[in-house]
Amino acid sequence: MLVITACVFVAAVVGSQYVTRPTASTDVSKYVPADAESILWVPILHEFTSQLMLFSRGIQEIALFRDLLKAETGVVIVDPESIRDIGVDPEAGLALVWRSGHLHLLIGVQNEARLSSAIISKFENLGYRVQSPPPDGQGALYSAYSASDELRAAFDIRDGLMVLVYAADGTNPVDAITSIYERGSQTFFQTDRYQDVVSKVGESGVLLYSATTQDNATLARLTQLTQSEAIPSILRPWIRPAIDAWLRSVEYVAGSIRIGSCETQSKVVVVSQSEGVSLIPRAWRMSSDLPIPDMASILPRDTVLFTRQELRLKPLENLLRKLAGLTGGIRGLLGAGDPTAEVLGKYVHPELNDRHVVQDVFSHLTGHLSVAFLGIDRRAPVAELIDLSVPQRWLNQVQLVLGLQVRDGSKFWARWWPKRTILETLGYTITSIPGIPSSVADAAVTIRRMCTTRDRARTTRRQPRRTGTRIPCETYGILRRGDLIWMTTGAETLERLLTTAKGDTAPMPGLTREPLAKSVLGSSSMFFGGYFSFDGLLKAVENRNLPGGATRYLAQMFEMAFLLDTDGNDLRYEFLLTR
C-alpha cells in the first residue's frame, strides 16, 4: 500500500514541468474522465519525484520518508529505473480523480505482474482479503475486501494502465473502474473546460481542478463545513447563507504548481460562473486614481514580514459606526449624534466626542495601507512575547510598522498634530526629532509613557518580576514623508526607519529578484499581498532556543511571497517559496 501512498503523497504537493510525452505504457491523460469533479494531475512521475526531493534537500522528514519507502518497497523514489522495477512507468503521468463518490488513482504500467504483486501484498498487510481475477478474465481486475467482507477497493491493469478505485459507502468500485476503461470519445483534457483552465493558470506545473457547481457533490461537502462545531452556534444561521451564496457563484477552482531546484510557485484561480459577480465584493475594492504608494522602500533589509492592502474604507467606516452604535446604547442606535465619537469621548478623551471624528479620519485616508514586522526586543522573555494580557507591553516588545497613505499629507498633519495634547493629558510625552533633512522625512515624532529615570529603573530591577504583570516603558513613533505616514511600536523601530530613509542601510525591496516578490514590494496594484523573509526571522530570533529544532528548518528557506487579487470576476491567488 505504500506504493499507492507514495503516489498520493507526491501528487499532493508540487509538480514538474507540464508537458505530455509518449510513454512505453499508455497516455494516462486519455483516461481522465471529462465529467471528473476534482482532478490532481502529475504529467511525468519521475520528474516530479526528482524535483521534489531536490527542492526538499536537507529536510530530515522528507529524507526519512524516502528511506522508509525504500525499505518497504525497494523503490528509490528519485531513480526512474527503481520506479520502473516495481512495474510503474516513470515517464507516464499520474492522476488522482474524484468522481461520483469514488477516489481513482490512474498510473502508467510497464510490468503488470510486478505492480499487481506489490499492491496485493500491501493490501494484505493492511488486513484486506484480495480476490484475484479468473484466469480467463479480460484484464486483471482485483477486489479488496475488508475484515467484515465488504468490498472496499478494486484495481485493474490493462493496456499499460492501472486504475485503482476506493469505494464510497454502499457503492461498487468495479463499476467505476469499468466506466474509466469504457470511456467516451472525449476526456477532460479535450474539453472546453480544460482550455478555460489553461487560459487562467497556464500549462506548466501540476494541475489541480475542482468543480463546485450546484449539481456537484463537492459543493455539498463544502457547505457542510459551515455546520462545524468550530463555528459558534449563534453565528451559524448568519454565516451559512453568506457562504452558500458565495459558493453558488463559483464555477470551479483551478491551480498549477511548479517546482524547481530552488523555488516553488503556484497559481490558483477561483472562477465565478455568474456574470458581473465579483468574488471580492466591489464595495471593498478601491476605485481611486491615486498613485500606488511605495511603502516598502523605507523598511530595512532584514524586515521579517511586509503586507499591504488596497481597501475601500467606506464599508469599514460604516461597520465601525454600527459597532460603536451597539456600544453606545439606544441613543447611538437612534442616530442621536455619532456613537463612535461618544465611545471615544467616554473611554479615551472628552475632546474626541466630536461628531466629525470618524469622518476626519476616514476622509483623509486613501485605502492604501501596509503592516510590517521588523523584529522583536532581544531582551524580552519568550513567555511575555506570547502573552497578550498586557497589550502595551507586547506592542513595545515587537517592532511593528503601520503604513498609511493620506490624500494630502500637509492637511492631515495640520488637522491632527494640534491634537497631540490629548496624548499629553493621557500621560504621554511627545517629542519631535530635530535636525532631520526634508529629503529624509517631513516629520518624525516619538511618543513615550512610563519611561522611568535610571534610578527608578534600578529600583524596579531589584524587585521580583512577575511574568504577565510587568508594564515597560511605552515607546511609539510617527514618521511622515509627503502623503505617506508610518506609525511604529517598539523602542528602536522609528530609528531603524530613519536609518533606512537616510540611506545608511539597504531597503527591503533590494532583497529579492523574484518578479512576484517585487510586485508585492513594489508598485503593482493588488487587493492584498505579502512578503516574508526567513533570513529576517532568523536574525530576529537569534540567540533564542526555538522549540523542535525550528531554527534548522527556517535556515533552509529564503523568502515567501503571495498576492490575492481579481481578474475580472475571478479570484486569483499566487504563491512563491524560495530557498
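Here the structure is shown first, and the text comes after it.
It should be emphasised that the depicted structure is a prediction, and the values quoted were computed from it without experimental measurement.

### Observations concerning the overall build of the protein chain
Within the protein chain, the secondary structure is distributed over 22 helices and 20 strands. For the protein chain, the proportion of its 579 residues judged to be buried stands at 48%. Residue pairs at least 24 apart in sequence account for 67% of intrachain contacts in the protein chain once pairs closer than 6 positions are excluded. For the protein chain, the computed accessible surface area is about 28,500 Å², with 55% contributed by carbon and sulfur atoms.

### Concerning a nonpolar patch on the surface
A grouping of Val371, Leu402 and Met487 is seen on the molecular surface, where their side chains present a nonpolar patch of about 200 Å² in accessible area. Inspection of the secondary structure puts Met487 in strand S17 (residues 484-489).

### Points about the pairing of strand S12 (residues 365-376)
Strand residues, when the strand is regular, have side chains that alternate between the two faces of the sheet. With respect to burial, S12 is a largely interior element, nine of its twelve residues being buried. Strand direction decides the pairing type here: strand S11 (residues 305-310) and S12, joined by six bridges, are antiparallel. Counterpart to Arg308 in the pairing with S12 is Ser370. Judged from the eight bridges that link them, S12 and strand S13 (residues 398-406) form a sheet pairing that is antiparallel. Looking across to S13, one finds that Val371 is bridged to Leu402.

### What to know about the nonpolar core
Phe123, Phe155 and Met162 are the most contacted members of the largest nonpolar core, which totals 49 residues. Judged by nonpolar contacts, the second largest core, of 34 residues, contains Tyr31, Trp41, Val97 and Tyr145.

### Concerning unusual backbone geometry
A positive phi angle is found at Ser100, which is not glycine, with a value near 55 degrees. Here Ser100 shows up in the loop between strand S2 (94-99) and strand S3 (102-108). In this model, Asp159 sits at a positive phi of 55 degrees, which is unusual for a non-glycine residue. Inspection of the secondary structure assignment puts Asp159 in the loop between strand S6 (151-158) and strand S7 (161-166). On the accessibility criterion, Asp159 (54% relative accessible area) is exposed.

### Examining the environment of Val174
For Val174, the location among the structural elements is in helix H6 (residues 173-181). The class for Val174 is buried, based on a relative accessible area of 19%. Here the alpha-carbon distance between Val174 and Ala153, two residues 21 residues apart in the chain, equals 8.1 Å. Setting aside chain neighbours within four positions, we find Val174 in contact with Leu141, Ser143, Leu151 and Ala154.

### Considerations on the packing of aromatic side chains
Under the counting rule described, the total for this entry stands at 14 aromatic pairs. Look at Tyr142 and Phe155: their rings are 4.7 Å apart centre to centre, the planes differ by 15 degrees, and that puts the pair in the stacked class. Remark: Phe155 occurs in strand S6 and Tyr142 occurs in strand S5 (residues 141-145); sequence separation between them is 13 residues. On the numbers, 5.8 Å between centres and 45 degrees between planes, the contact of Phe528 with Phe562 is tilted. Taken as a pair, Phe528 in strand S18 (residues 528-533) and Phe562 in strand S19 (residues 559-567) lie far apart in primary sequence, 34 residues in all. Among the residues examined, Phe528 registers a relative accessible area of 28% and is labelled partly exposed.

### What to know about the pattern of salt bridges
Evaluation of the coordinates by the stated rule reveals 15 salt bridges. Among the salt bridges present, the one from Arg308 reaches Glu310, with a minimum N-O distance of 3.7 Å. For Arg308, a relative accessible area of 6% gives the class buried. When salt bridges with common partners are traced through the structure, they connect Glu81, Arg84 and Asp89 into a single cluster.

### Focus: the environment of Leu299
As for its position among the elements, Leu299 is in the loop between strand S10 (263-272) and S11. The class for Leu299 is buried, based on a relative accessible area of 1%. Through-space distance from the C-alpha of Leu299 to that of Phe373 is 9.6 Å; in sequence the pair is 74 residues apart. Those residues in contact with Leu299 that lie beyond four places of it in its chain are Phe306, Ala372, Leu374, Val401, Leu497, Thr500, Ala506, Pro507 and Met508.

### Considerations on the pairing of S2
Counting buried positions along S2 yields five of six residues, so the element is predominantly enclosed. Bridge analysis of strand S1 (residues 38-42) against S2 gives five bridges, and the strand direction is antiparallel. Bridge pairing links Trp41 to Ala95 in S2. Looking at chain direction, S2 and S3 are connected through six bridges and run antiparallel. Bridge pairing in S3 places Val97 opposite His104. Counting the residues in the hairpin turn of S2 and S3 gives two residues, including Ser100, whose phi is positive at 55 degrees.

### Quick look at helix H5 (residues 112-125)
In this model H5 runs 20 Å from its N-terminal to its C-terminal C-alpha over 14 residues, within 8% of the 20 Å that 1.5 Å per residue would give. Listing the buried residues of H5 in full gives Leu115, Ser116, Ile119, Ile120, Lys122 and Phe123. Seen from one end, H5 has its buried residues packed into an arc of 165 degrees, which puts them on one side. Exposed positions of H5 whose direction lies more than 90 degrees from the buried face are Ala113 and Asn125. Its side-chain oxygen placed 3.3 Å from the backbone nitrogen of Ala113, Asn111 serves as the N-cap of H5.

Parameters at a glance
Residues numbered from 1 in each chain as written. Predicted model: local features only at pLDDT ≥ 70, side-chain atom pairs only at ≥ 80, totals over all residues. Heavy atoms only, no water. Helix = DSSP H or I, 4+ residues; strand = E, 2+ residues; numbered from the N terminus. Buried < 20%, exposed > 50% of the residue type's maximum accessible area, 1.4 Å probe, protein only. Contact = heavy atoms within 4.5 Å. Areas by Shrake-Rupley, 256 points an atom, 1.4 Å probe, with all protein chains shown as cover. Patch = residues over 30% accessible without salt bridge, like charges linked within 9 Å, V, L, I, M, F, W, Y side chains within 5 Å. Salt bridge = Lys/Arg side-chain N within 4 Å of Asp/Glu carboxyl O. Pairing = 2+ DSSP bridges. Core = buried A, V, L, I, M, F, W, Y, C linked by side-chain atoms within 4.5 Å. Phe/Tyr/Trp six-rings, centres within 6.5 Å; stacked < 30°, edge-to-face > 60°. Expected span 1.5 Å × (residues − 1). Arc of directions from axis to C-beta. Polar contact = N/O pair within 3.5 Å; in protein donor to acceptor, adjacent residues only side chain to side chain.

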